[in-house]
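Structural description and commentary
The primary structure of each chain is shown beneath.
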Amino acid sequence: MRILLVEDEAKVARALKEGLDREQYKVVVARTGEEGFYLVNAEEFDLVILDVMLPGRDGLQVLSTLRKRGLGTPVLILTARDAVEDRVQGLDTGADDYLVKPFAFPELLARIRALSRRGRPEQALQLRYADLELDVVARKVKRNGKEVDLTAREFELLEYLLHHREQVVSREMLARDVWKETSRATPLDNVIDVHIARLRRKVDDPFDRKLIQTVRGVGFVLREEK
Amino acid sequence: MRFWPRHVRSRLTLWYVVVLGGVLVLYAGGALLFLLLSLREELDRNLVEDVETVEGLLANEPGGFVSFRTMHPEENDSSLQRFVEVWSPTGSLLYRSPLLQGQALGRPPKPDGDTGEPEPFSQRLANGLRVRTASSTYHIEDRPIVLRVAHSEEGLWRELREFLWVLLLAFPVALLLAGVGGYALARKALAPIDTMSHRAERISADRLHERLPVGNPEDELGKLASVFNVMLARLEAGFEQLRRFTADASHELRTPLTAIRSVGEVALQDQKSPPEYRDVIGSMLEEVDRLTRLVENLLALSRADAGHIQLQRADLSLLTLAHEARSLVEVLAEEKQQRIAVDGDDPDLRVSADRLILRQAIVNLLDNAIKYSPVERRIVIRVRRGGDSQVFLEVIDQGPGIPTEHRSRVFERFYRVDSARTREWGGAGLGLSIVQWAVEAHGGEITLESEEGRGCTFRMSLPLTRIPNPKRNKGGTQ
């Protein structure tokens, strides 16, 4: 999957490219709006990540020109201004999604996956990872064949982790997607930590192989320890 | 308006002078008119007497003419000139005094004896002489005649002219005096304003503690100065708050930055194993997280200050909202073996509110209550009616309470009762500011009651939405 990253801030561009390369994406970096515009017209990309604040032509101008020319590639915009008008304007201009800087890298990965999956939603009724099984319809969880009793919130949390297995999810993603709390100012971090701890107690503690890992400073990941 | 003077005192003076001038002109006009009327009245009285005198002197002459029996020699004095005309009713001239030099004293009378003129009347003779004329119908030996007698009005008009001159000479003097006096008065009256504006010029952002002089607090200017001083006091408080806010904000921002820096620098001092580096980076990321959250909270508050946040209002049951907030943070209380109870059973206590914002406010209050209460205590969310149009949501804890000296300031940004302890829990002192903003944005009020050592009660009072209550309607006869 080829991604065009239009970002003028060298440090950010390098970090994102490195991170995305590790995830097996092929990333081309453009440092200005003009360069990005040229590259989109010259080559084929599956996704464009576009910074709004660019020197010269800003990201939204580039995007609106591209959309007028009939570009159908999904576009994810990055904006530093955390203002509602900016988001609305971005989506009106033809962006498919947006992220507010500073964002967590796992969040960017999740958005990229969602955009590339768009149109064919994953509707697994049975989620499995290692010896963990989760039945979405019956709302039952088994580990190593034994049923684990979870509360509704713990179930949703585990379901989310299973959907993103082997991907780091940030507390912010959990707050938004599991707790449906859109305001980042609500103090949910402690709440999330407590729920993760309880989930761990039920799903991991009785077993030798631990599945729920904490990535310090970033979030959590469902991954088998090696 | 090009000639309109720039200074208030000049304008006031101009007004005095113009108004006084108008008054003087009216007065002079009235006086002149009164003088004219009274002089004429005197002249008319003389005329009537004269007519009677002249009647006695008339005699018939052959051929239908009339003559005067006697002529006083002093009648040659022009000031006492008496003009006489005698007409027959048919309109033929019977006599005209030689003084008239052939000029007519009005039109010939009509046959019915009507002279056709009001009595007496003023007119101008052909040679320009102004005269006052009186007529009367008279019979000499059964023959009707019309007698006209006129006096010169020149003396009267001279007197009027002289009076007018006296007035005209006095006018400029009066106006000049009024102008000078008015200017001095206006200057004196406006002097405090000059003082005030000089003083106000000196008051800048650095010298907001200065105040304007208040002369007499009862008069208009004194009131103005007092109002200015109140405004200055508010400005000073505002600046002070801003200064404190900036200092606090930079302190709060610097703390995580310092942590990131020193953790990074120390880690680079010697070789570490990958897991150790991981730990260092994770710790730095945690600080970044804190920084991000702080900036977001600040942004949210500044957008709120600027009025950029629009509430997505809906009709909500406050009780439901309380339950939602409780279920969100209940786990935190459970970790400390605390219990959160919702006290209230009227789901009809509804408010028009933005669900997320109001719930966040309740969550913030609960979060604080959980943090500050010791283990195994009870926290109560009480929803109850507060009078006719208010509904209260109280969050009551059994924590240590808040000392009196801190109570009025806990809603201020970055204000913390015990800074060291709070920072340990990750707070930046913005939670209650956000609560206050949220409640006030909904037209409500937040208050704090606390007794040291016995916990505190945060009370939101919100306007109650009026909705038709079927139960109450049915029981309306009670």
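Calculation rules
Residues numbered from 1 in each chain as written. Chains lettered and ligands numbered in written order. Predicted model: local features only at pLDDT ≥ 70, side-chain atom pairs only at ≥ 80, totals over all residues. Helix = DSSP H or I, 4+ residues; strand = E, 2+ residues; numbered from the N terminus. Buried ≥ 20, exposed ≤ 12 C-beta atoms within 10 Å, placed from the backbone. Contact = placed C-beta atoms within 7 Å. Nonpolar A, V, L, I, M, F, W, Y, C, P; charged D, E, K, R; others polar. Core = buried A, V, L, I, M, F, W, Y, C linked by C-beta atoms within 7 Å. Expected span 1.5 Å × (residues − 1). pLDDT = per-residue confidence, 0-100. Axes fitted to C-alpha atoms, helices over the stretch in contact; angles between N-to-C directions. Left-handed = near helix turned anticlockwise from the far one by under 90°. Pairing = 2+ DSSP bridges.

**Thoughts on the overall build of chain B**
- Looking only at helices and strands, chain B features 10 helices and 14 strands.
- A buried classification covers 23% of the 478 residues belonging to chain B.
- Long-range contacts, defined here as pairs at least 24 residues apart, represent 64% of the contacts in chain B between residues at least 6 apart.

**Let's talk about the overall build of chain A**
- The helix and strand tally for chain A stands at eight helices and 12 strands.
- Looking at chain A as a whole, 31% of its 226 residues qualify as buried.

**Describing the interface of chain B and chain A**
- Of the residues lining the interface, 24 residues belong to chain B; the matching set on chain A comes to 15 residues.
- Elements supplying a minimum of two residues to the side of chain B that touches chain A: helix H4 (274-305), helix H5 (318-335) and helix H6 (355-372) of chain B.
- When its residues are assigned to classes, the side of chain B that touches chain A shows 12 nonpolar, six polar and six charged.

**Regarding the nonpolar core**
- Among the nonpolar cores identified, the biggest contains 72 residues, and Leu318, Ala322, Val329, Ala361, Ile362 and Leu366 of chain B are the most heavily contacted of them.
- Sequence-distant contacts of Ala322 of chain B, defined by excluding residues within four places in its chain, comprise Val342, Ile362, Ile381, Val383 and Leu393 of chain B.
- Core analysis: the second largest hydrophobic core is formed by 27 residues, Leu16, Leu50, Val75 and Tyr98 of chain A among them.

**A word on helix H5 (residues 105-117) of chain A**
- Taking 1.5 Å of rise per residue, the 13 residues of H5 of chain A would be expected to cover 18 Å, and the 18 Å separating its terminal C-alpha atoms lies within 8% of that figure.
- Packing partners of the buried residues in H5 of chain A comprise strand E3 (47-51), strand E4 (75-79), strand E5 (97-100), strand E10 (169-170), helix H7 (171-177) and strand E12 (219-222) of chain A.

**Examining the confidence of the model for chain B**
Residues and elements named next belong to chain B.
- When pLDDT is averaged along chain B, the result is 83; 90% of the residues meet or exceed 70.
- The model gives residues 75-79 a pLDDT under 50, and that stretch makes three contacts with residues more than four places away or in other chains.
- Note on residues 472-478: pLDDT under 50 across the span, and one contact to partners over four residues away in sequence or across chains.
- Listed scores for the predicted complex are pTM 0.65 and ipTM 0.77.

**Some points on the packing of H6 of chain B against helix H9 (residues 431-441) of chain B**
Residues and elements named next belong to chain B.
- Viewed as axis vectors pointing N to C, H6 and H9 meet at an angle of 145°, and their least axial separation amounts to 9 Å. Considering only the axes of H6 and H9, their crossing is left-handed. In this structure, H6 uses Ile357, Leu358, Gln360, Ala361, Asn364, Leu365, Asp367 and Asn368 to contact H9, whose residues at the interface are Gly431, Ile434, Val435, Ala438 and Val439.
- When the residues that make up the contact of H6 with H9 are grouped by side-chain class, the tally is eight nonpolar, four polar and one charged.

**Let's talk about the sheet that holds strand E9 (residues 146-148) of chain A**
Residues and elements named next belong to chain A.
- Pairing within the open sheet is antiparallel, and its four strands lie in the order E6-E7-E8-E9. The open sheet terminates on both sides in strands that have one partner only, identified here as strand E6 (126-129) and E9. Here the strands of the sheet are splayed against their neighbours by 25° on average, with no regard to which way each runs.
- In this structure, strand E8 (residues 140-143) lies alongside E9, joined through three bridges in antiparallel fashion.

**Some thoughts on the sheet that holds E4 of chain A**
All names here are of chain A.
- Here we have five strands laid out as an open sheet, ordered E2-E1-E3-E4-E5, and parallel in their pairing. The open sheet has two edge strands with one neighbour each: strand E2 (26-30) and E5. Ignoring strand direction, the axes of neighbouring strands in this sheet form an average angle of 20°.

**A short note on the pairing of strand E3 (residues 82-87) of chain B**
All names here are of chain B.
- Of all six residues that make up E3, five are buried, and the element is covered over most of its length.
- Judged from the six bridges that link them, E3 and strand E7 (residues 143-152) form a sheet pairing that is antiparallel. Along E7, the bridge assignment pairs Arg82 with His151.
- Two elements, E3 and strand E4 (residues 93-96), share three bridges in a ladder whose sense is antiparallel. Within E4, the residue paired with Trp87 across the bridge is Leu93.
- Hairpin connection from E3 to E4: five residues lie between these consecutive antiparallel strands, with Gly91 at a positive phi of about 100°.

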